[in-house]
Amino acid sequence: GDDNSGRKVITFSCCRMPPSYQLNHTRLLEYLKYTLDQYVENDYTVVYFHYGLKSLNKPSLKWLQTAYKEFDRKYVSKTHVLRFVIFNGLVTISFSFPRYKKNLKALYVVHPTNFIKILWNIFKPLISHKFGKKVTYLNYLSDLREHLKYDQLNIPQEVIRHDENLQRKQKGKLPPIVKVPPPRPPLPTQQFGVSLQYIKDKNKGELIPPVMKETVSYLKRKGLQVEGLFRRSASIQTIKDVQKLYNQGKSVNFDDYHDIHVPAVILKTFLRELPQPLLTFECYDHILGITSVESSLRVTRCKQIIQGLPEHNYVVLKYLICFLHMVSQESIYNRMTASSLACVFGLNLIWPSKGAASLSALVPLNLFTELLIDFYTNIFNSRTMPGE
């Protein structure tokens with residue numbers, strides 16, 4: 001899933017750890033590296049579910065030392081080393097590699113024990129202040145909703161039941177149900193969280209939403225050669241402020257923020273908050289099948305899928321992909337190839353109607369997006385819509 005800033009979320013559930021004698025720890029290490037390597041080039045978030053870690057399934061100290069040395073040998077430079085260690089009598093977590101340190105933006109520890117908190121305070125002087133600010137303790141699963149898309153998380157039932165038990169124990173009963181006021185109707189100037197059709201109707205029939213037009217225009221002028229464009233995050237409060245301005249129909253001057261990543265994050269946020277993905281729920285299964293198509297026919301298959309989009313979605317998608325193609329053409333400067341952009345935009349363009357996309361789904365979703373960007377001219381050359 002994604003957090004509220006559009007960063008990818010990696011979860012680790014201790015209750016899923018089998019007994020140590022049943023686990024091939026060498027393969028576990030390879031799996032951890034494989035999983036992390038798909039995300040750490042971009043900003044990312046980690047959610048650590050502590051419940052379920054016991055003496056029976058805790059990793060051995062020897063394995064932790066091996067893991068540390070492996071990451072140390074592969075990733076660490078002499079001048080960029082971070083060691084973050086939580087000792088809770090059961091587990092040790094080490095971040096000791098530069099890009100993992102730099103791009104990890106938040107670590108949420110869910111259901112922490114008091115002992116973890118005490119030891120954190122003991123070891124706090126040994127941990128950099130900057131990294132310490134990234135760690136947040138959450139006592140209940142409901143607390144996660146403030147930070148990320150909770151419904152997209154695949155949370156083990158054991159963790160959910162443990163959370164329910166914790167809440168029952170609090171004063172002997174579940175906390176009172178808070179009455180949530182009914183949602184307000186969107187403003188006439190609303191840009192985020194409303195459909196493309198709504199925005200079109202409120203903007204004199206314009207097909208390209210104003211927020212998309214303005215962010216793309218700004219980034220074309222000032223961001224094409226910025227290294228890591230779309231990989232970096234921006235201040236959460238700034239993003240909220242800019243969203244509020246757009247939703248109120250007020251003008252936004254991105255020069256005022258002195259951060260090229262603000263319009264980049266705003267563009268991703270707009271796509272992610274559409275009620276239905278730009279590529280539509282109906283296309284999801286078709287896109288998943290792209291890996292089963294022979295390599296030489298994949299561009300043709302992409303073209304077929306895109307041709308089936310509603311006119312409005314097609315026009316907006318073409319506008320966006322044209323821009324991303326331009327960004328990829330400057331990859332010698334910005335280091336954002338079509339593949340890199342696909343990793344960022346894949347799940348902002350398409351997601352399943354229920355739950356979150358599985359890890360295995362990322363390969364076809366990102367491949368499809370990469371093909372759209374790489375072969376933009378071929379894929380979008382046969383369908384022109386009025387008003388583009």
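Residues numbered from 1 in each chain as written. Predicted model: local features only at pLDDT ≥ 70, side-chain atom pairs only at ≥ 80, totals over all residues. Heavy atoms only, no water.

A short note on the overall build of the protein
- What the protein contains, in helices and strands, is 17 helices and four strands.
- Carbon and sulfur atoms form 53% of the exposed surface of the protein, whose accessible area is close to 20300 Å². (Helix = DSSP H or I, 4+ residues; strand = E, 2+ residues; numbered from the N terminus. Areas by Shrake-Rupley, 256 points an atom, 1.4 Å probe, with all protein chains shown as cover.)

Considerations on the side chain of Lys 268
- Relative to the assigned elements, Lys 268 resides in helix α10 (residues 261-272).
- Residues within four places of Lys 268 in sequence aside, it is in contact with Phe 230, Arg 232, Val 344, Phe 345 and Asn 348. (Contact = heavy atoms within 4.5 Å.)

A word on the packing of aromatic side chains
- Scanning all chains against the criterion turns up eight aromatic pairs.
- Chaining the aromatic ring pairs together yields one cluster made of Phe 192, Tyr 246 and Phe 270. (Phe/Tyr/Trp six-rings, centres within 6.5 Å; stacked < 30°, edge-to-face > 60°.)

Thoughts on the environment of Lys 133
- Note that Lys 133 resides in the loop between α5 (129-132) and β4 (135-138).
- Residue class for Lys 133 comes out exposed when judged on its relative accessible area of 61%.
- The sequence separation of Lys 133 and Ala 106 amounts to 27 residues, and the corresponding C-alpha distance is 8.3 Å. (Buried < 20%, exposed > 50% of the residue type's maximum accessible area, 1.4 Å probe, protein only.)

Looking at the nonpolar core
- In this structure, Phe 230, Ile 306 and Leu 317 are the most contacted members of the largest nonpolar core, which totals 68 residues.
- Every residue in contact with Phe 230, bar those within four places of it in the chain, is listed here: Leu 219, Ala 264, Leu 267, Lys 268, Phe 323, Leu 324, Val 327, Leu 341, Val 344 and Phe 345.
- Counting 15 residues, the second-largest nonpolar core is a separate cluster that includes Cys 15, Phe 49, Ala 106 and Leu 144. (Core = buried A, V, L, I, M, F, W, Y, C linked by side-chain atoms within 4.5 Å.)

A short note on the packing of α10 against helix α15 (residues 338-349)
- Running from amino to carboxyl end, α10 crosses α15 at an angle of 30 degrees, the nearest separation of the two axes being 8 Å. Considering the angle they form, α10 stands roughly parallel to α15. Contacts between α10 and α15 involve Lys 268, Leu 271 and Arg 272 on the former and, on the latter, Val 344, Phe 345, Asn 348 and Leu 349. (Axes fitted to C-alpha atoms, helices over the stretch in contact; angles between N-to-C directions. Parallel < 35°, antiparallel > 145°, perpendicular 65-115°, else oblique.)

Things to note about the packing of helix α13 (residues 311-329) against helix α16 (residues 359-374)
- Contact geometry for α13 and α16: axes closest at 8 Å, N-to-C directions at 80 degrees. For the element pair α13 / α16, the angle class is roughly perpendicular. Across from Leu 317, Ile 321, Leu 324, His 325 and Ser 328 in α13, the residues of α16 making contact are Leu 372, Ile 373 and Asp 374.
- Residue classes in the contact of α13 with α16 are distributed as five nonpolar, two polar and one charged. (Nonpolar A, V, L, I, M, F, W, Y, C, P; charged D, E, K, R; others polar.)

Some thoughts on helix α9 (residues 236-247)
- In this model, α9 (12 residues) spans 16 Å end to end at C-alpha, consistent with the 16 Å of a helix rising 1.5 Å per residue.
- Residues Ile 239, Val 242, Gln 243, Tyr 246 and Asn 247 constitute the buried set of α9. The arc that holds every buried residue of α9, seen down its axis, measures 135 degrees, which confines them to one face.
- For α9, the secondary structure elements touched by its buried residues are α8 (210-222) and α10.
- Just beyond α9, the residue with positive phi is Gly 249, at close to 75 degrees. (Expected span 1.5 Å × (residues − 1). Arc of directions from axis to C-beta.)

Brief notes about the environment of Tyr 333
- Its location among the elements puts Tyr 333 in helix α14 (residues 331-334).
- Among the residues examined, Tyr 333 registers a relative accessible area of 46% and is labelled partly exposed.
- Along the chain, Tyr 333 and Gly 228 lie 105 residues apart, while their C-alpha atoms are 9.2 Å from each other.
- In this structure Tyr 333 touches Gln 225 and Glu 227, once residues within four positions along its chain are discounted.

Quick word on the confidence of the model for the protein
- A residue-level look at the protein finds 78% of positions with pLDDT of 70 or above and a mean pLDDT of 81.
- pLDDT under 50 marks residues 72-98. Its contacts with residues more than four places away, or in other chains, come to 62 contacts. (pLDDT = per-residue confidence, 0-100.)

Quick notes on the sheet that holds strand β1 (residues 8-13)
- One open sheet holds the four strands; their spatial order is β1-β2-β3-β4, and the pairing between them is parallel. Looking at the sheet topology across the chains shown, the edges are occupied by β1 and β4. When strand polarity is set aside, the average angle formed by the axes of neighbouring strands in this sheet is 20 degrees.
- In the sheet, strand β3 (residues 104-110) pairs with β4 via four bridges, with the strands oriented parallel. Note that in β4 the partner of Leu 107 across the bridge is Val 135. (Pairing = 2+ DSSP bridges.)

Comments concerning the pairing of strand β2 (residues 44-49)
- With six of six residues buried, β2 is to be regarded as a mostly interior element.
- Every second residue of β2 is oriented toward a common face, with Tyr 44, Val 46 and Tyr 48 on one face and Thr 45, Val 47 and Phe 49 on the other, all of them buried.
- With six bridges connecting them, β1 and β2 associate as parallel partners. Residue Thr 11 lies in a different strand from β2, and its bridge partner there is Val 47.

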